[in-house]
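A look at the structure
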Amino acid sequence: MNGLKRPRRLRVNQSMRDLVAENRLSLNDLITPLFVIEGKGQEHEIPSMPGYFKQSLDLTIEEVKKLYGMGLKSVLLFVQVRESLKDNKGEEAMNAEGLMQQTVRAIKSAVPQMVVMTDVALDPYSSWGHDGIVQDGEVVNDPTVEVLAEIALSHAHAGADIVAPSDMMDGRIAAIRKRLDSEGFHNTGIMSYSVKYASSFYGPFRDALDSKPGFGDKKTYQMNPANSIEGVKEALLDIEEGADIVMVKPGLPYLDMVLRVKEVSEVPVSAYHVSGEYAMVKAAAEKGWIDEDAVILESLLSFKRAGADLIATYFSRDAVRILKNTEL
Ligand code: PBG
């Protein structure tokens, strides 16, 4: 055994392990998704996301104050509007007095330091539940891109720091950048859902917002889970078009893509730890089959190891609590 290389030497105790740890989880990197609903004093737990709530604007403001107080720096907003406001073009999504726009204004005035990111997509507003305009049974690209640029502009007017298009239409980053710049919003950033797969892990999210597609699926715009080179292409295109941050989604099953994109990206890479991943951890923990806190911590750390600069996760509040009691 003379001269044997002994990697275990660096694992002898916690201090030594801390000293040589290659990655660390930080609250600075976490993005908290929030679901906003109409009304006042409203709060509903999402059945397939135990412990996660959709809340009306007034309660959302209180929540954002709490989150900022806990050390979380960013929220990603989704809204649910009533059926009667939905149409094929998502007209309501551009309404300056719409729920998203009101929420952004209210958060930026209550907690100006919170980085407010907005979901730019048609599906919560689409009578078809699709991320684009439907013509003859098809989700059409270019007319959708025009609408997305207007939606993004209305979010910028309301005070959004970053708009986050989650639709996967071609060319929307360039169109949004151009539209924002045309009205002087040079400092409004774009976080693009660049590498977004047609995934079954979004199920609980679609329950939450009642945004399931009314016909077919999203496979003509979201990516085939079989593909990786195509994901690199998508990320590079979005960077070229002006994305400030590129995202990979879902999370853990696609960490290979986080790494691949990180290797070629000159902008920060984010990863979305999605609703179905949250639901799986909650379900197994409820049965007592896993140690919930340990699994949360290990999962979030794995995103960092894969190269994610930012992580959108429904576990951000848990992370705050767990990190307080744990040394990483
Ligand atoms: C839709 C959108 C989805 C999610 C974020 N934006 C669902 C979809 O594409 O159908 C999923 C997030 C999650 O599952 O946590 N624009």
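In what follows, the structure referred to is the one given above.
Now for a quick tour of the structure. Treat the numbers as computed from the prediction; the structure is a model and nothing was measured.

Phe 35 and Tyr 272 are the most contacted members of the largest nonpolar core, which has 102 residues in total. Setting aside chain neighbours within four positions, we find Phe 35 in contact with Ile 46, Met 49, Tyr 52, Phe 53, Lys 54, Gln 55, Phe 78, Phe 205, Ala 208, Leu 209 and Tyr 314.

Another point: the site of the ligand. Neighbouring residues of the ligand: 18 residues in total, closest Arg 206, Lys 218, Lys 249, Ser 275 and Tyr 314. A distance of 2.7 Å is found between an oxygen atom of the ligand and a side-chain nitrogen or oxygen belonging to Lys 218. The separation between a nitrogen atom of the ligand and a polar side-chain atom of Lys 249 is 3.4 Å. Here the ligand, which alone exposes 400 Å², has 100% of that area covered by the protein. When the residues that make up the shell around the ligand are grouped by side-chain class, the tally is eight nonpolar, three polar and seven charged.

With that settled, the discussion passes to the pattern of salt bridges. One pass over the structure, following the stated rule, counts 21 salt bridges. Note that Arg 317 is salt-bridged to Glu 63, the shortest N-O span being 2.8 Å. Residue Arg 317 is located in helix 11 (residues 316-325), and its partner Glu 63 is located in helix 2 (residues 57-70); the two are separated by 254 residues in the primary sequence. Judged by relative accessible area, Glu 63 falls into the buried class, the value being 12%.

A full pass over the atoms with the stated rule returns 13 aromatic pairs. The interplanar angle of 80 degrees and the centroid separation of 5.0 Å between the aromatic rings of Phe 78 and Phe 205 together place this pair among those described as edge-to-face. Within this pair, whereas Phe 78 is found in strand 4 (residues 74-80), its partner Phe 205 is found in helix 6 (residues 203-209), the two being separated by 127 residues in sequence. Phe 205 carries the same exposure label as Phe 78, and that label is buried.

Here is what the cut-offs are and how they apply
- By convention here, each chain's residues receive numbers from 1 onward along its written sequence.
- Local features are withheld for residues below a pLDDT of 70 in this predicted model, meaning they are given only at 70 or higher, and side-chain atom pairs are given and counted only at 80 or more; totals for whole chains, interfaces and linings count all residues.
- Values reported for side chains reflect all heavy atoms of the structure, with hydrogen atoms and water molecules removed beforehand.
- What we call a nonpolar core is a set of buried Ala, Val, Leu, Ile, Met, Phe, Trp, Tyr and Cys residues that are connected through their side-chain atoms within 4.5 Å.
- Categorising residues by exposure relies on relative accessible area from a 1.4 Å probe, with only protein chains included: less than 20% of the type maximum marks a residue as buried, more than 50% marks it as exposed, and the intermediate range marks it as partly exposed.
- In this analysis, two residues are considered to be in contact whenever any of their non-hydrogen atoms come within 4.5 Å of each other.
- A single heavy atom is enough: if one lies within 4 Å of a molecule or strand, its residue is considered near that molecule or strand.
- Any N or O atom pair separated by 3.5 Å or less is treated as a polar contact, with the protein-specific requirement of one donor-capable and one acceptor-capable atom, and with residues adjacent in sequence counted only for side-chain atom pairs.
- The accessible surface values rely on the Shrake-Rupley method and a 1.4 Å probe; as for residues, cover is taken only from the protein chains in view.
- Gly falls in the polar group here, along with every residue not listed as nonpolar (Ala, Val, Leu, Ile, Met, Phe, Trp, Tyr, Cys, Pro) or charged (Asp, Glu, Lys, Arg).
- The term salt bridge refers to a pairing of a side-chain nitrogen on Lys or Arg with a carboxyl oxygen on Asp or Glu at a separation within 4 Å.
- A run of H or I in DSSP counts as a helix once it spans at least four residues, and a run of E counts as a strand once it spans at least two, with each numbered from the N terminus.
- A pair of aromatic rings is counted whenever rings of Phe, Tyr or Trp (Trp by its six-membered ring) have centres within 6.5 Å, and the orientation is called stacked for planes under 30 degrees apart, edge-to-face for over 60 and tilted otherwise.

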